[in-house]
Amino acid sequence: MKANRDVTEALQRTIGLMQKELERKSSTATLQSASTAQDTLNLVIGTSKQLITVPEKTDWLDRVLIISALVFFSLVVLFILKSRIIDRGLRITFFWTRLLPNSSAPVLLRRLRWHR
């Protein structure tokens with residue numbers, strides 16, 4: 001009986017060692033699977049970062065272009081308002097200056113008489 005017990009204990013130790021080895025191989029496969037999943041996620045995160053930064057750059061460029069266009073438009077509107085309102089108003093206000101005699105006319109007449 002002792003021999004049977006020894007054989008049974010040896011078989012149980014062998015089964016225990018086999019289970020430990022199987023668990024170790026299983027955990028190695030799990031670690032490799034986790035590593036592969038992590039690599040894939042890192043790749044996805046890198047691609048996502050690029051996809052996010054490209055629209056940010058184009059968004060900045062769009063803002064600069066829109067602001068530039070608004071500034072140009074405002075300058076054109078101000079120029080038109082100046083030419084239509086301020087310049088025309090000044091012309092109407094000082095229309096009577098055209099009726100005044102030219103102050104340089106007597107000087108020109110004197111020069112003409114001098115040369116004769």
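Predicted, not measured: the structure shown is a model, and the values here were computed from it.

Parameters and conventions
Per chain, the residues get numbers from 1 upward, laid out in the order the sequence is written. Whole-chain, interface and lining totals are the exception, using all residues; otherwise, since this is a predicted model, local features are given only for residues with pLDDT of at least 70 and side-chain atom pairs are given and counted only at 80 or more. With hydrogens and water stripped out, all remaining heavy atoms of the structure feed into the side-chain values. By definition, any uninterrupted DSSP run of H or I lasting at least four residues is a helix, any uninterrupted run of E lasting at least two residues is a strand, and each is numbered from the N terminus. Partly exposed describes any residue whose relative accessible area lies between the buried limit of under 20% and the exposed limit of over 50%, with all areas from a 1.4 Å probe on protein chains only and scaled to the type maximum. Accessibility throughout is a Shrake-Rupley quantity obtained with a 1.4 Å probe, and a residue counts as covered only by protein chains that appear here. By definition, a salt bridge exists where a carboxyl oxygen of Asp or Glu is found within 4 Å of a side-chain nitrogen of Lys or Arg. Patches were defined on residues exceeding 30% relative accessible area and lacking a salt bridge, with like-charge contacts within 9 Å and nonpolar side-chain contacts (Val, Leu, Ile, Met, Phe, Trp, Tyr) within 5 Å. Charge counting treats Lys and Arg as positive and Asp and Glu as negative, with His and both chain ends excluded. To locate a charge, take NZ of a lysine, CZ of an arginine, CG of an aspartate or CD of a glutamate.

Novice: Looking at this structure, I do not really get the overall build of the protein chain. What am I missing?
Specialist: Summing up its helical and strand segments, the protein chain has 2 helices and 0 strands in all. The 116 residues of the protein chain split such that 0% are buried. Counting every atom, the protein chain has about 11,400 Å² of accessible surface; 67% of that belongs to carbon and sulfur.

Novice: So what exactly am I meant to see when it comes to the pattern of salt bridges here?
Specialist: If charged atoms from side chains of opposite charge come close, those side chains can pair. Throughout the structure, instances matching the rule amount to 2 salt bridges. In this structure, the salt-bridge partner of arginine 63 is aspartate 59, at a minimum N-O distance of 3.3 Å. Taken as a pair, arginine 63 and aspartate 59 lie in helix α1 (residues 2-93) at a separation of 4 residues, close to a single helical turn. Assessed through its relative accessible area of 53%, arginine 63 is described here as exposed. Taking relative accessible area as the criterion, aspartate 59 reaches 33% and is therefore assigned partly exposed. One salt bridge in this structure joins aspartate 87 and lysine 82, with 3.1 Å as the shortest N-O distance.

Novice: Looking at this structure, I do not really get a positive patch on the surface. What am I missing?
Specialist: There is a patch of like positive charges on the surface, built from Arg84, Arg88, Arg91 and Arg98. By the element assignment, arginine 98 lies in the loop between α1 and α2 (105-115).

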